[in-house]
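Given next are the chains, with one letter for each unit.
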Amino acid sequence: MPILNKPIVFAKENFGDGFEKGLKMKPIDIVLAVRESGLKGRGGAGFPTGTKWMLAATATAEKKFIVCNADEGEPGTFKDRVLLTEFTEQVLKGIILCGYAIGSQVGYIYLRGEYDYMVNQINSAIQKLKNENKLGKNILGKDFDFDIELRLGSGAYVCGEESALIESLEGNRGEPRNRPPYPVNTGFMGYPTVVNNVETLATVPAILNLGSDWYRNIGTDKSRGSKLISVSGDVEFPGVYEIPFGTKIKDMLELVGAKDTKAIQIGGASGTCISAKELNRNLSFEDLPTGGSIIVFNNSRNMLKILKNFMEFFVEESCGQCTPCRIGNKKLLDGVNMIEKGECSVAYLKELLSLGETMRITSKCGLGQSSPNPFISILTTFGDEILATY
Amino acid sequence: MLGSELSDLNIEISELVEKHGNGRQSLLPILQEIQKRHGHISGHAQQEVARLLDIHPVEVNGVVSFYAFLKTGIRAKYNIRLCKTISCELANKASIAKTLERELGIKFGEVTKDERYSLEYINCLGMCDQGPAMLINNEVYTSLTPHKVIEILDNLK
């Protein structure tokens, strides 16, 4: 399934010979071009890509690594699946360009186990680039060797967290590490490692082809460029859309044919739920950030059931390493079950909301820090409706 | 298991270790391949991998038990995994669950007596735009309806 509306960055013609142009530049100039473009990490956290690359490029180490994070596990997100199907070559070229820019020889693609059926396609794209001398030894006649290896996950959502992903690549349980030190300093096997989302890497050849200024002029001041959004739920046209940052919720809903909308979940299970009254808010790092998932709920939906589904997800996917996440999510789910039976006092509900705040600041990794988001936002926005039967 | 089967498994594992290397970072690819071929990773297989990678068997078991796709128990010929996450839930996953349970005569988490089918839930498959979705072994099926499910089951040989 291709991108449904008119693409901004992800149109084949935008990539041109960005790859070849990049390899003619000095490595440091690629880093500067990416920094100038204002590109931020597309996995959701939004760390400036150019800054990450600069840290890796200036690090002195015997080896450096690149990891393309294709462990797309956030409920409601499937844009990386579409990119890896429709723009496989640009994803690979983004990885190679990153390797050239920071001085690395090996890149890994960590693909979620659920996407096992895509392995052959990705491997044949890798082989094609090898045959064209765009991967392997002395790439395009330059003194630059680079290889890409495809590795699979095995059904653990937490491995989308960059340090858990690295643990998994090293052959361990996917339990997140303390950060700092960040992977860009101490990553795979202890070496500097750039971990970037599929979309981030795939954007780079287009930036090098059309220039940093072209990219900077898309989006808003604080969120440059475009974003791929996976839309599902109660809409007429589910699928992947590319929008400039700053797009209003109102326009997004119209684009996807959402009718009788009650609520919109932005950023997947770990994101925020807003009411359909907040139509003038916009998708950007400064207002509503998202790794690329929008799930729409219409007026027939029971918000408590939706919340229950999210909390069951987190109870199962918590790695269990730290207490706030392991026990906290269980307590929040128990609370949802109590509300369902009309047994949760309002005083206890307030306790649970405060527990959610505690989990946000005390959990070890992004999973635990963001898992109370749906609990807090759904009960804050739709509390009156949920407690109406009380 | 017969002694000869065990030694076949040992040979197979040593070939896998040769192919992927005996470093710790090869552990997951080796286990994934055993899982794919045999449908599970037996205690004996875990011990053998540990021996060849020169790590404690507990390390291997720790990894196997962490990942949802790595199993220790015998799996059926067809492992059916239905997505239960939100978008599939909204797309009426419940009707698919009911159909699967009725047609196979087992509940989620169970295996049919003839070890032909096992049924379980899985978290988000990334097919949210084409729900409800399920995996049968590693193949994905989307936009399911009860009728389509019956047809799919019929076509499994």
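(A) Inspection of the domain arrangement of chain A at higher detail. Residues and elements named next belong to chain A. Split into domains, chain A comes out as domain 1 (12–216), domain 2 (226–298) and domain 3 (303–389). Taking only C-alpha atoms, the centre of domain 1 and the centre of domain 3 are 34 Å apart. Taken together, the contacts link twelve residues of domain 1 with nine residues of domain 3. For the pair domain 1 and domain 3, the summed buried area comes to about 860 Å², and 69% of that belongs to carbon and sulfur atoms. Together, Tyr157, Val158 and Pro176 form the three largest contributors to the area buried by domain 1 at its contact with domain 3, with a combined 53%. Applying the counting criterion to the domain 1 and domain 3 interface returns zero salt bridges. Applying the counting rule to domain 1 against domain 3 returns three residue pairs in polar contact (both at pLDDT 80 or more). Tallied by class, the residues present in the side of domain 1 that touches domain 3 amount to five nonpolar, four polar and three charged.

(B) Seen up close, the sheet that holds strand β2 (residues 106–111) of chain A. Residue and element names in this part refer to chain A. Taken together, four strands build an open sheet; the order of strands is β3-β2-β1-β4 and the sheet is parallel. Lying at the two open borders of the sheet, with one neighbouring strand each, are β3 (147–152) and β4 (193–197). When strand polarity is set aside, the average angle formed by the axes of neighbouring strands in this sheet is 20°. When β2 meets β3, the two strands line up parallel, connected through six bridges.

(C) Looking closely at the nonpolar core. Counting 67 residues, the largest nonpolar core has A:Phe297, A:Met303, A:Phe375, B:Leu31 and B:Tyr67 as the members making the most contacts within it. Considering each element in turn, this core owes the most residues, eight residues, to helix α12 (residues 303–317) of chain A. Discounting residues that sit within four places of it in the chain, A:Phe297 has contacts with A:Asp234, A:Thr261, A:Lys262, A:Ala263, A:Gln265, A:Met303, A:Ile306, A:Phe310, B:Ile86 and B:Leu90. Listed in part, the 62 residues of the second largest apolar core include A:Val82, A:Ile95, A:Leu111 and A:Ala206.

About the cut-offs
Residues numbered from 1 in each chain as written. Chains lettered and ligands numbered in written order. Predicted model: local features only at pLDDT ≥ 70, side-chain atom pairs only at ≥ 80, totals over all residues. Heavy atoms only, no water. Domains from an automatic or database assignment. Contact = heavy atoms within 4.5 Å. Buried area = accessible area lost by both parts, 1.4 Å probe. Salt bridge = Lys/Arg side-chain N within 4 Å of Asp/Glu carboxyl O. Polar contact = N/O pair within 3.5 Å; in protein donor to acceptor, adjacent residues only side chain to side chain. Nonpolar A, V, L, I, M, F, W, Y, C, P; charged D, E, K, R; others polar. Pairing = 2+ DSSP bridges. Helix = DSSP H or I, 4+ residues; strand = E, 2+ residues; numbered from the N terminus. Axes fitted to C-alpha atoms, helices over the stretch in contact; angles between N-to-C directions. Core = buried A, V, L, I, M, F, W, Y, C linked by side-chain atoms within 4.5 Å. Buried < 20%, exposed > 50% of the residue type's maximum accessible area, 1.4 Å probe, protein only.

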